[in-house]
Amino acid sequence: MDARALSLTAEFLVEIQKADELPAIDGALEAIAHEMGYRYYAMIHHDDHRTGLPGLINMNNYPPDYAVEYFAGLYHRDDPVVHACIAANACFTWREIGDLIELGPRHRAFLERGERYGVTNGITVPAFVLGERSGSCNFCSPRRPGSFRHHLDAVHSIGGFAFQKARRIVNGGHLRRVRVARLMPRYRECVVLAGQGKSNTDIATILGLQPGTIKSYIEAACGLYEVSNRTQLVIAAILDGEVGIHEIAPRQYRRLAG
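Scoring rules and cut-offs
- Residues numbered from 1 in each chain as written.
- Predicted model: local features only at pLDDT ≥ 70, side-chain atom pairs only at ≥ 80, totals over all residues.
- Heavy atoms only, no water.
- Salt bridge = Lys/Arg side-chain N within 4 Å of Asp/Glu carboxyl O.
- Axes fitted to C-alpha atoms, helices over the stretch in contact; angles between N-to-C directions.
- Helix = DSSP H or I, 4+ residues; strand = E, 2+ residues; numbered from the N terminus.
- Parallel < 35°, antiparallel > 145°, perpendicular 65-115°, else oblique.
- Contact = heavy atoms within 4.5 Å.
- Nonpolar A, V, L, I, M, F, W, Y, C, P; charged D, E, K, R; others polar.
- Pairing = 2+ DSSP bridges.
- Buried < 20%, exposed > 50% of the residue type's maximum accessible area, 1.4 Å probe, protein only.
- Core = buried A, V, L, I, M, F, W, Y, C linked by side-chain atoms within 4.5 Å.
- Phe/Tyr/Trp six-rings, centres within 6.5 Å; stacked < 30°, edge-to-face > 60°.
- Expected span 1.5 Å × (residues − 1).
- Arc of directions from axis to C-beta.

What follows concerns the pattern of salt bridges. Enumeration over the complete set of coordinates arrives at 10 salt bridges. As a salt-bridge pair, D48 and R50 come within 2.8 Å of each other at their nearest N and O atoms.

Where helix 8 (residues 185–195) contacts helix 10 (residues 211–225), the axes come no closer than 9 Å and their chain directions differ by 95°. Between helix 8 and helix 10, the interaxial angle falls into the category roughly perpendicular. Across the interface between the two elements, R186, Y187, C190, V191 and A194 from helix 8 touch I214, Y217, I218, A220, A221 and L224 from helix 10. Its residues assigned to classes, the contact of helix 8 with helix 10 shows 10 nonpolar, no polar and 1 charged.

Moving on: the sheet that holds strand 3 (residues 92–93). What the 5 strands build is an open sheet, ordered 2-1-5-4-3; its pairing is antiparallel. Two strands close off the open sheet at either side, each with one partner strand: strand 2 (58–60) and strand 3. In this structure, strand 4 (residues 123–127) lies alongside strand 5 (residues 135–142), joined through 5 bridges in antiparallel fashion. Paired with I123 across the two strands is F139, which belongs to strand 5.

Further remarks concern the pairing of strand 1 (residues 38–45). Of all 8 residues making up strand 1, 7 are buried, and the element is well covered by its neighbours. Of the pairings in the sheet, the one linking strand 1 to strand 5 comprises 7 bridges and is antiparallel in character. Paired with Y40 across the bridge in strand 5 is C140. For strand 1 and strand 2, the ladder comprises 3 bridges, and the chain directions are antiparallel. Across the sheet, A42 pairs through a bridge with N60, a residue of strand 2.

Our next topic: the nonpolar core. One finds Y62, V191 and L233 to be the most contacted residues of the largest nonpolar core, which totals 45 residues. Elements with a contribution of two residues or more to this core: strand 1, helix 3 (64–72), helix 4 (80–88), helix 8, helix 9 (200–207), helix 10 and helix 11 (230–239). Among the elements that line this core, the one with the most residues is helix 11, at 7 residues. Other than its neighbours up to four places away in sequence, L233 contacts V191, I218, A221, C222, Y225 and V227. Listed in part, the 28 residues of the second largest apolar core include Y38, I123, A127 and F163.

Applying the stated criterion across every chain yields a total of 10 aromatic pairs. Taking 6.4 Å as the distance between ring centres and 90° as the angle between the ring planes, the aromatic pair formed by Y70 and Y75 counts as edge-to-face. Relative to F110, the ring of Y75 lies with its centre 6.4 Å away and its plane at 90°, an arrangement referred to as edge-to-face. With Y75 in the loop between helix 3 and helix 4 and F110 in helix 6 (residues 105–116), this residue pair connects regions lying 35 residues apart in the sequence. We classify F110 as buried; its relative accessible area is 6%. A connected cluster of aromatic rings, assembled from ring pairs, spans Y40, Y62, Y66, Y70, F71, Y75, F110 and Y117.

Take S141: it is sitting in strand 5. When neighbours within four sequence positions are excluded, S141 is seen to be in contact with G37, Y38, R39, Y40, G118, V119, T120 and N121.

This part is about helix 6. Its 12 residues give helix 6 an end-to-end C-alpha distance of 17 Å, which sits within 8% of 16 Å, the value for a rise of 1.5 Å per residue. The complete set of buried residues in helix 6 reads H107, F110, R113 and G114. With its buried residues spanning 120° around the axis, helix 6 presents them on a single face. Among the exposed residues of helix 6, those pointing more than 90 degrees away from its buried face are P105, E115 and R116. Where helix 6 ends, the next residue or the one after it, G118, has phi of about 85°, a positive value.

Rendered as structure tokens:
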């Protein structure tokens, strides 16, 4: 980290420590994005923001039309940046996404849509706490192409501390809020095993149940997350904090996300 980036990071952390409301964090993110030369920033939970549920973090200065399209269309479900967060669980550049997950047609379409709005070439810091929704802090569209390479260490610290402070605020001053699990224990076991690549027959053998029972559990879990197949189910459960990436093989996740 060069001297200027170190100074900016130190100043940001001082501001974050003083923040006691989300608008203060939002303002600090906007200021640091400008100072580092990024047009856009976003710190969000990977969830459905249409509902207005309390506790959801959503700070961004994306182009208005892009933001409306993204959140109204639940694009986080197909966002390769979100999927790469699960595979990386550490700061990464968007140019590294293809090394983290297998980019499928829907991922490429998503990236092309972002480019049309000028949302491109970013750095992302994943935010994962098992039992909570996943999230990320992102800075993108640098005014000077290639400059993002100089900001990896700074963004890693800025994103991590900012999300932690925002979580503490929305959790009423606590670092973590205990919430009721969305999946019943048997449903969760099925999702974990499905994430490991097991078929319904395999899962039935492992759990000592009938394949038809496993099928009904998987379908019920899909209904809870409003998804149509087991691949989407596994990804949704990870993003929701119900299942940890450590519970499925990284190589298997790469296939699921592709």
